[in-house]
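If you want the building blocks of each chain, they are given just below.
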Amino acid sequence: MPHITVDGVPLHYRDEGHGLPVLLLHAFPLNGEAYEKQWKALSGRYRFIIPDIRGFGRSGLGEGPTEMARIAQDALALLDALKVDSAVVGGVSMGGYASMALLREDAGRVRGLVLVDTQATADDEAGRARREASAQEALREGPEAVVRALLPKVVAAPDSEAGREVAAMMRTATPAGLAAAQRGMALRPDSKDMLARYAGPALVVVGEKDPVTPLEKAKQMADLITGARLEVIPDAAHLPNQEQPDRFNAVLDRFLSGL
């Protein structure tokens with residue numbers, strides 16, 4: 001995998017395919033390989049630019065919390081390095097938070113927006129406390145603590161092939177990367193105002209069985225964006241692109257082909 005260096009931190013990425021550039025940001029606590037089923041199926045028509053977010057995969061971590069604005073700035077630096085003026089920007093869960101942060105950083109670079117199993121609201125005090133507890137648990141126990149807590153929530157069938165793949169990917173995360181990301185997500189701002197100002201095309205996707213950011217959260221985002229398309233993926237929880245890749249890819253392809 002190629003990499004760029006931002007503020008001394010190496011950031012690895014994939015650049016797969018040709019056509020409309022599509023920047024995809026992955027969920028916590030995964031890495032860019034989470035989108036393998038997308039680039040393998042659709043890279044004949046679209047150019048997928050998929051970084052490992054700092055602290056995950058092969059990317060370095062840097063100092064302090066991994067704030068969503070920092071992820072967005074890293075992604076913009078990657079687009080600059082690849083000489084990509086604008087791209088469809090999207091992400092799952094944490095990657096959705098980072099996509100909204102990128103929209104806030106530089107809306108002119110966003111040709112279309114794809115928000116998957118995420119939410120526009122900030123954490124409340126109780127949510128921030130839960131993230132800090134999760135960060136401390138990850139530092140003490142490593143990724144196994146995250147697998148134990150999250151796997152039953154993020155996939156509809158943890159014992160399925162997709163569930164095993166997700167668990168294996170979770171186990172590659174480092175304690176420091178996990179803690180920094182949890183603390184960064186706790187600091188994210190509310191994005192409802194920014195989505196309401198966004199005038200470009202948007203796709204909002206949610207897994208039918210997602211208990212983390214359920215359909216109500218997806219409807220809230222879709223209602224804020226004029227003309228947004230809302231799609232529900234059956235038999236999927238929080239990671240529909242991995243659990244139901246064929247259904248997800250069909251939805252994504254319909255959206256991208258119309259741009």
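Residues numbered from 1 in each chain as written. Predicted model: local features only at pLDDT ≥ 70, side-chain atom pairs only at ≥ 80, totals over all residues. Heavy atoms only, no water.

1. Describing the sheet that holds strand S4 (residues 46-51)
Counted only if it meets this: Two strands make a pair as long as DSSP finds a minimum of two bridges between them. Helix numbering and strand numbering both begin at the N terminus, where a helix is a DSSP run of H or I of at least 4 residues and a strand a DSSP run of E of at least 2. Comment: axis = line fitted to C-alpha atoms, over the contacting stretch for helices; angle = value between 0 and 180 degrees taken between N-to-C directions. What makes two residues a contact is simply this: any of their non-hydrogen atoms within 4.5 Å.
Pairing in this open sheet of eight strands is mixed, and the strands run S1-S2-S4-S3-S5-S6-S7-S8 from one edge to the other. One side of each edge strand has no neighbouring strand; the edge strands of this open sheet are strand S1 (3-6) and strand S8 (229-233). The mean angle between the axes of side-by-side strands here comes to 20 degrees, regardless of whether they run parallel or antiparallel. As paired strands, strand S3 (residues 20-25) and strand S5 (residues 87-92) are joined by four bridges and run parallel to one another. Note that in S5 the partner of leucine 24 across the bridge is glycine 90. Lying over the sheet, helix H2 (residues 68-81) contacts S1, strand S2 (9-17), S3, S4 and S5, oriented at roughly 125 degrees with respect to S1. Lying over the sheet, helix H11 (residues 245-257) contacts S3, S4, S5, strand S6 (110-116), strand S7 (202-207) and S8, oriented at roughly 165 degrees with respect to S8.

2. Some thoughts on the packing of aromatic side chains
Note the following rule: Centre distance within 6.5 Å is the pairing criterion for rings of Phe, Tyr and Trp, where only the six-membered ring of Trp is used; planes under 30 degrees apart are then read as stacked, over 60 as edge-to-face, and the remainder as tilted. In this scheme, a residue with accessible area under 20% of its type's maximum is buried, one over 50% is exposed, and one in between is partly exposed, where area comes from a 1.4 Å probe on protein chains only.
Scanning all chains against the criterion turns up two aromatic pairs. Relative to phenylalanine 56, the ring of phenylalanine 28 has its centre 6.0 Å away and its plane inclined at 85 degrees; by these criteria the two rings are edge-to-face. Taken together, the residues span a long stretch of sequence, with phenylalanine 28 in the loop between S3 and helix H1 (36-42) and phenylalanine 56 in the loop between S4 and H2 at a distance of 28 residues. The exposure class of phenylalanine 56 is buried, given its relative accessible area of 1%. Between tyrosine 46 and phenylalanine 48 the ring centres are 6.4 Å apart and the planes differ by 80 degrees, which places this aromatic pair in the edge-to-face class. Owing to a relative accessible area of 5%, tyrosine 46 belongs among the buried residues under this scheme. Accessibility expressed as a relative area gives 0% for phenylalanine 48, which makes it buried.

3. Overview of helix H4 (residues 125-141)
This is how it is decided: Given the number of residues in a helix, its expected span is that number minus one, multiplied by 1.5 Å. The arc in question is the one traced by the directions running from the helix axis out to the C-beta atoms.
Between its first and last C-alpha atoms H4 spans 24 Å; for 17 residues at 1.5 Å apiece the expected length is 24 Å, and the two agree. Among the residues of H4, Gly127, Arg131, Ser134, Ala135 and Ala138 are the ones counted as buried. With its buried residues spanning 105 degrees around the axis, H4 presents them on a single face. Pointing more than 90 degrees away from the buried face of H4 are the exposed residues Glu125 and Arg140. Looking at the packing, one finds that the buried side of H4 touches helix H3 (94-105), helix H5 (143-154) and helix H7 (175-186). Directly after H4, the chain includes glycine 142, whose backbone phi takes a positive value near 80 degrees.

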